[in-house]
There are 2 protein chains.
Amino acid sequence: MSHRFVVVGGDAAGMSAASKAKRENSDLDVVVFEKGEWVSYGACGLPYYVKGDVEELEDLVAVPPEAFREKRDIDLRTGHEVTAIDAEEKQVTVRANGETFTEPYDTLLVATGARAIEPPFDGMDLPGVFTLHSMESGERLREYLETEVLAGTATGGGSRGASDGDAAVAVIGGGYVGIEMAEAFAEHGLEVHLFEMLPHVLQPFGPEVADVVEEHLRDVGVNLHLDTRVEGFLGEGALEAVETESDAYEASLAVVGVGVAPNAELAAEAGAELGDSGAVAVDEYGRTSLSDVFSAGDCAEATHTVTQAPDFVPLALTANRAGRAIGQTVTGDPTPVGEIAGTATVKAFDLQAARTGILDEARARNHGFDPVNVTITASSRAHYYPGGSDIQVTLVGDRETGRVLGSSMVGEEGVPKRIDTVATALHGGMTVQELQNLDLAYAPPFSPTWDPVLTAAKVLGGKLED
Amino acid sequence: MSHRFVVVGGDAAGMSAASKAKRENSDLDVVVFEKGEWVSYGACGLPYYVKGDVEELEDLVAVPPEAFREKRDIDLRTGHEVTAIDAEEKQVTVRANGETFTEPYDTLLVATGARAIEPPFDGMDLPGVFTLHSMESGERLREYLETEVLAGTATGGGSRGASDGDAAVAVIGGGYVGIEMAEAFAEHGLEVHLFEMLPHVLQPFGPEVADVVEEHLRDVGVNLHLDTRVEGFLGEGALEAVETESDAYEASLAVVGVGVAPNAELAAEAGAELGDSGAVAVDEYGRTSLSDVFSAGDCAEATHTVTQAPDFVPLALTANRAGRAIGQTVTGDPTPVGEIAGTATVKAFDLQAARTGILDEARARNHGFDPVNVTITASSRAHYYPGGSDIQVTLVGDRETGRVLGSSMVGEEGVPKRIDTVATALHGGMTVQELQNLDLAYAPPFSPTWDPVLTAAKVLGGKLED
C-alpha cells in the first residue's frame, strides 16, 4: 500500500504541501480535508474585493479545486471537517454531510490556519458587524455594504445613512486589515472611523512609521480614534452606532480587525505541544511533538532568523513556504521550512509601509541585544530627478555585535521591495557595516546614489561607534 | 604642521574623501585640485538634462563649490590641473592660469575619473557629433539640440531636418547612456537611430534582458541597428549623416556613447600599477602601489564580491563609497572601500532593467564556477490585484556550491530595488537555497506571495539538484 499523506486544511500551507508531495512522488496517496468550500485562496485580497479592485470572490483563488483534483491528482474533500486526531492509531476523525468517520494516515499535516479574534464586545452579533478573515465573511461583508450601506447612500440617505447624507462606517483595529479596510470604504465615498485601542496604528511597524501613516490617514479624511477602546455596538435589529468608553459614533457597518488567533485546538487536543504564542510548536522541518504529525501556516510557529527563537507571524509566504517544504520532506527529502524575519508591507492609501526584523526595544533586550536605532529621511530618486518623494527609514542595530536587528520604512514609492534588502541582510546575519557596504542599484529615476538603506546604515554605523 | 591631504579630481570620489576627512578631523589640511569648473556633479543625470526633465545644469550639482570652501573648510581649487605626481618627493605638479607650480602632500588621492571613449570614426570632430560624459559636453549637446535641431523642426524643417519633416538623430552605442539618450531624443519628437556594434544592447545585462528591451525600443519607435558597425560621420560643415558598413542614415545630431576609459595616466606615469582593466590597481583600502597614494572612483579598480578579483565597473556609488572610506582612513581610522557586485539599473522608456553579479557564462567559468541559469516570468503584484505587469528574472547559480552568482531583471515596475535583494545575497555569499528561503515582503499591491526572486530561486534550486 502506498504512503498516505493526509492534510487538514486546504489553504496556502495545506495545498502547497499536497501539491509538492504529489509532484515529487506521484505514487503518494494525498488526501486533503477542508471544512469549508474554498481552497487555495488569497484572504489577503479580501479588502481589495470589498474595495472593488477585485470583482469576483473567485478571482482570489490561486488554483481552483478541480485543478487539484483532476490535474494534480489530489483527493481534495471540501466540506470535510477533521474533529480529532488519534496520533497513536494514526487516524483522524472526519465529519461531513452529517456523518462521522475515521481515516488513517501515515503522515499528517495540520494546517488549520487562524481565525479572526472576536473581542467580547456587546452587539458583536448585530447585522452589520463583521470580522474579515474567511472568504465567506468577505462575501457577506461586501453584500451588506452594497445592499444596506451604499444602496441607502445612492438613494439620498437610507435608514442607516449618516445625518449629513454620507453613510459612516467603523473599522475596529488599526492593523493591516483595518487600514486596508479604511481605504476600501473611503473608495466608496463613505465616512470612515478607525478605532485603535493602542496609542498607534500598525503596532508591529513601530511609532516612527505610525506617526507618518496616522498623519496621512487624517489627511485623506479618515477619522482616527487612537488610544480609544471600543465597548460595543448599538442598534435595533442592525448596527447603528459604535460605542467607546466616552462616546458613540454612528455607523451602518463595522469591521472588527483586531488580530488573529491560531486554530491550534485540534493539534493541542491530540497532545501536540503549543508554544508560548499559543500556536503549534514545530521544529525546523515543521514537525510537531507528535510522531509523524507536521504543522504549518497560520496555526503554527516559525523560527525567527534574528532571535533564533519561535515566533508567531501568520503571513502568507511563511505558510506557502512551510507547506511546500513539508510536502518535500514527506517524500523522503528532508527540507527545512525556513526561518522568518517578520517581514511585512502594507498599502495605506497613498503610502507604502514596510518592516522587518526586531524593532521593539523591549523585545530586542529580551533576546539579549542592546538595540540602537536611527531614523533618517531620504529621497526615493536622485535629487534632480522629477517626481521623487521622501522615504523614512528606521534602522536598528545591536551595539555590541554591530548586527542589523530590524528596519521599518514608509513613503510614497519604493518602499515594499526596499525592505527586502534589510530582510536579506537579517537572514545573512550582516552587520550595519556590511549593510552600509552593499552595492545597491542606482539610476536617477529609481534611487539617490546612496540608497536610503545605505544612508540609514551610514548614520547608524556612526552612532554605534560612539 | 598639520597633515596635508591632497585630492586630484573634484567629483564623487574626490569630494566625498575631502568632506569625510575634514569632518572627521578638522585639523587636516585638505586641498582639492579640479582641472574643470564643475565639482560634485551627477553626470548620470545628463541624459535627463538633455531630455528636459532637469532644467538647469546646476541642478545636477549635489554640493556647490562655495559650500565646500566656506562650510566645509576645504581648499578647493577649480581650474587647477595636476600634471604630474612625484611620489618620492611627495609633491604634485599643478598647472593653473598658464602657470605651473608644485604642491606638497602627506597623503594623495588620485580621483581623476574616466572619459568617454572616442572611437576613430571619420568626422568625429564635425559639429553635431558629441560624446556625453562631462558637464561641458552635456551643455554643448543641449544647446546644439535646441538651436540646430529642434529650432529647425519647429519652423517646418531646417537645413538639417530629415526629409519627411522629422529631424533624425543618431545614438552610437546601446549601453546605459545610449538608451537613456534615445529616450531623451524621442521625448523631443525626434526620429532616433540607435547603432550597436554587438548583437545586443545593454551587454552587461545579458541577452535575456536585451531581448525584452530591444522589443520595447522598437515598439516605441526607435530604429534599432544591431550588429552594425558605424564607420564615420558625413557632412559639410556639420553632421548630416551617419555611415555604417553598408548604408548611410540622415542625422543632424549624433551622440557617441560606446563606453568610458579610466583616466589612469597620471597615476601610471608616477609609477602606480594598473590592473588588467587599465584602471589603477588598489587594495581593500584603496591604496595604490605607491606609498601614501590612494585612488578611487572611475579611474580605479574595485574588488568584486563574487569573484574576489579586481574589476572595473565605474559607477557612482562605488566612487562615493570609496572616496568616503579613504577620507576616513586618512584620519587614522582604516576603513575598507567595500566590494562591488556590479549592480546596475537603467530606465529604458517604459521599462526598468537591472543586473547584479556574474551573468556571463565564460566569465563565470574563468573564475572557477560552473554556472547554471534559469529565466522565469512572474507578476509584479498578486494575480488578482489590478495593474500588475510581468517581471522577467534571470538567476545564475554555481552547480557545485549552490552559490548565487548573479541575476538580471526587466519589467515595467518593481525591478530596480528587487535586484538589491540578490545583490545583498551576493555580498552575503548565499546559496540559491538560502535565497529561496528569504522572508520577503508581500502585500497584494506590491508582490505575489512568492516574490519573483523567490520563484526564480525555487526553479533554479530544482535545476541545481538535477
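Preceding block: the structure.
Below you will find a few notes about this structure. (Residues numbered from 1 in each chain as written. Chains lettered and ligands numbered in written order. Predicted model: local features only at pLDDT ≥ 70, side-chain atom pairs only at ≥ 80, totals over all residues. Heavy atoms only, no water.)

## Examining the relation of the copies chain A and chain B
Line of reasoning, step 1. Superposition record for chain A on chain B: RMSD 0.0 Å, screw rotation 180 degrees, translation along axis 0.0 Å. Put plainly, the chains are arranged around a two-fold axis. Residue A:Thr421, judged by its C-alpha, is the member of chain A lying nearest the rotation axis, at 2.5 Å.
Line of reasoning, step 2. Of the interface residues in chain A, 98% have counterparts in chain B that sit at the interface too, so the contact is made through matching surfaces. (Least-squares fit on C-alpha atoms with pLDDT ≥ 70 in both. Contact = heavy atoms within 4.5 Å.)

## Structural notes on a negative patch on the surface
Residues and elements named next belong to chain A.
Line of reasoning, step 1. A surface patch of negative charge is lined by Glu37, Glu55, Glu56, Glu58, Asp59, Glu136, Glu139 and Glu143.
Line of reasoning, step 2. Assignment of secondary structure puts Glu55 in the loop between helix H2 (46-51) and helix H3 (65-71).
Line of reasoning, step 3. Residue class for Glu55 comes out exposed when judged on its relative accessible area of 57%. (Patch = residues over 30% accessible without salt bridge, like charges linked within 9 Å, V, L, I, M, F, W, Y side chains within 5 Å. Areas by Shrake-Rupley, 256 points an atom, 1.4 Å probe, with all protein chains shown as cover. Salt bridge = Lys/Arg side-chain N within 4 Å of Asp/Glu carboxyl O. Lys, Arg positive; Asp, Glu negative; His and termini not counted. Charge placed at Lys NZ, Arg CZ, Asp CG, Glu CD. Helix = DSSP H or I, 4+ residues; strand = E, 2+ residues; numbered from the N terminus. Buried < 20%, exposed > 50% of the residue type's maximum accessible area, 1.4 Å probe, protein only.)

## Section: empty space enclosed by the protein
Line of reasoning, step 1. For the structure shown, the criterion picks out 3 cavities of 30 Å³ or more.
Line of reasoning, step 2. Of the volumes computed, that of the largest cavity is approximately 180 Å³.
Line of reasoning, step 3. Considering the residues around the largest cavity, the lining is formed by 23 residues, among which A:Glu301, A:Ala302, A:Thr318, A:Ala322 and A:Ile340 are closest to the centre.
Line of reasoning, step 4. With 4 residues, the top contributor of residues to the lining of the largest cavity is helix H8 (residues 316-330) of chain A.
Line of reasoning, step 5. Considered class by class, the residues forming the lining of the largest cavity number 12 nonpolar, 5 polar and 6 charged.
Line of reasoning, step 6. Of the pockets and cavities examined, the second largest cavity occupies roughly 80 Å³.
Line of reasoning, step 7. It is helix H8 (residues 316-330) of chain B that provides the largest number of residues to the lining of the second largest cavity, a total of 3 residues.
Line of reasoning, step 8. Grouping the amino acids of the lining of the second largest cavity by side-chain chemistry returns 7 nonpolar, 5 polar and 1 charged. (1 Å grid on protein atoms, 1.4 Å probe; cavity = no way out; pocket = protein on both sides within 12 Å on 5 of 7 lines; lining within 4 Å. Points joined across faces, edges and corners; volume = space filled by probe spheres on them. Nonpolar A, V, L, I, M, F, W, Y, C, P; charged D, E, K, R; others polar.)

## Focus: the interface of chain A and chain B
Line of reasoning, step 1. Taken together, the contact between chain A and chain B spans 62 residues of the former and 62 residues of the latter.
Line of reasoning, step 2. Where chain A abuts chain B, roughly 5,200 Å² becomes buried across the two surfaces, and 62% of that area is made up of carbon and sulfur atoms.
Line of reasoning, step 3. Per-residue buried area on chain A facing chain B is highest for A:Lys417, A:Asp439 and A:Phe446; these three make up 15% of the total on that side.
Line of reasoning, step 4. Between A:Asp451 and B:Lys417 there is a salt bridge, with the nearest N and O atoms lying 2.6 Å from each other. (Buried area = accessible area lost by both parts, 1.4 Å probe.)

## A word on helix H1 (residues 12-24) of chain A
Residue and element names in this part refer to chain A.
Line of reasoning, step 1. Taking 1.5 Å as the rise per residue, H1 with 13 residues should run 18 Å; its terminal C-alpha atoms sit 18 Å apart, in good agreement.
Line of reasoning, step 2. The element H1 is extensively covered by neighbouring structure, given that 11 of its 13 residues are classed as buried.
Line of reasoning, step 3. For H1, the set of buried residues is Ala12, Ala13, Gly14, Met15, Ser16, Ala17, Ala18, Ser19, Lys20, Ala21 and Lys22.
Line of reasoning, step 4. On its buried face, H1 sits against strand S1 (4-8), strand S2 (29-34), H3, strand S3 (75-78), strand S7 (107-110) and H8. (Expected span 1.5 Å × (residues − 1).)

## A look at the packing of aromatic side chains
Line of reasoning, step 1. Enumeration over the complete set of coordinates arrives at 10 aromatic pairs over all chains.
Line of reasoning, step 2. Aromatic pair A:Tyr385 and B:Tyr48: ring centres 5.0 Å apart, planes at 85 degrees, arrangement edge-to-face. Placement of the pair is A:Tyr385 in the loop between strand S23 (371-379) and strand S24 (390-398) and B:Tyr48 in helix H2 (residues 46-51), with the two residues belonging to separate chains. Each member of the pair A:Tyr385 and B:Tyr48 is classed as buried.
Line of reasoning, step 3. Geometrically, the ring pair formed by B:Tyr176 and B:Phe205 is edge-to-face, given 5.9 Å between the ring centres and 75 degrees between the ring planes. Within this pair, whereas B:Tyr176 is found in helix H5 (residues 176-187), its partner B:Phe205 is found in the loop between strand S11 (191-195) and helix H6 (206-219), the two being separated by 29 residues in sequence.
Line of reasoning, step 4. B:Tyr176 sits in the partly exposed class, given a relative accessible area of 26%. (Phe/Tyr/Trp six-rings, centres within 6.5 Å; stacked < 30°, edge-to-face > 60°.)

## Overview of the sheet that holds strand S15 (residues 248-250) of chain B
Two strands in a sheet stick together by hydrogen bonds in their backbones, pointing the same way (parallel) or opposite ways (antiparallel).
All names here are of chain B.
Line of reasoning, step 1. Sheet architecture is open: 3 strands sit in the order S13-S14-S15, paired in antiparallel fashion. Either end of the sheet is taken by a strand with one partner, and the two such strands are strand S13 (230-234) and S15. Within this sheet the neighbouring strands show an average axis-to-axis angle of 20 degrees, counted without direction.
Line of reasoning, step 2. Both S13 and strand S14 (residues 241-244) contribute to a ladder of 4 bridges, which runs antiparallel. Bridged to Val230 within S14 is Thr244. (Pairing = 2+ DSSP bridges. Axes fitted to C-alpha atoms, helices over the stretch in contact; angles between N-to-C directions.)

On their own, these measurements won't tell you what the molecule is for.
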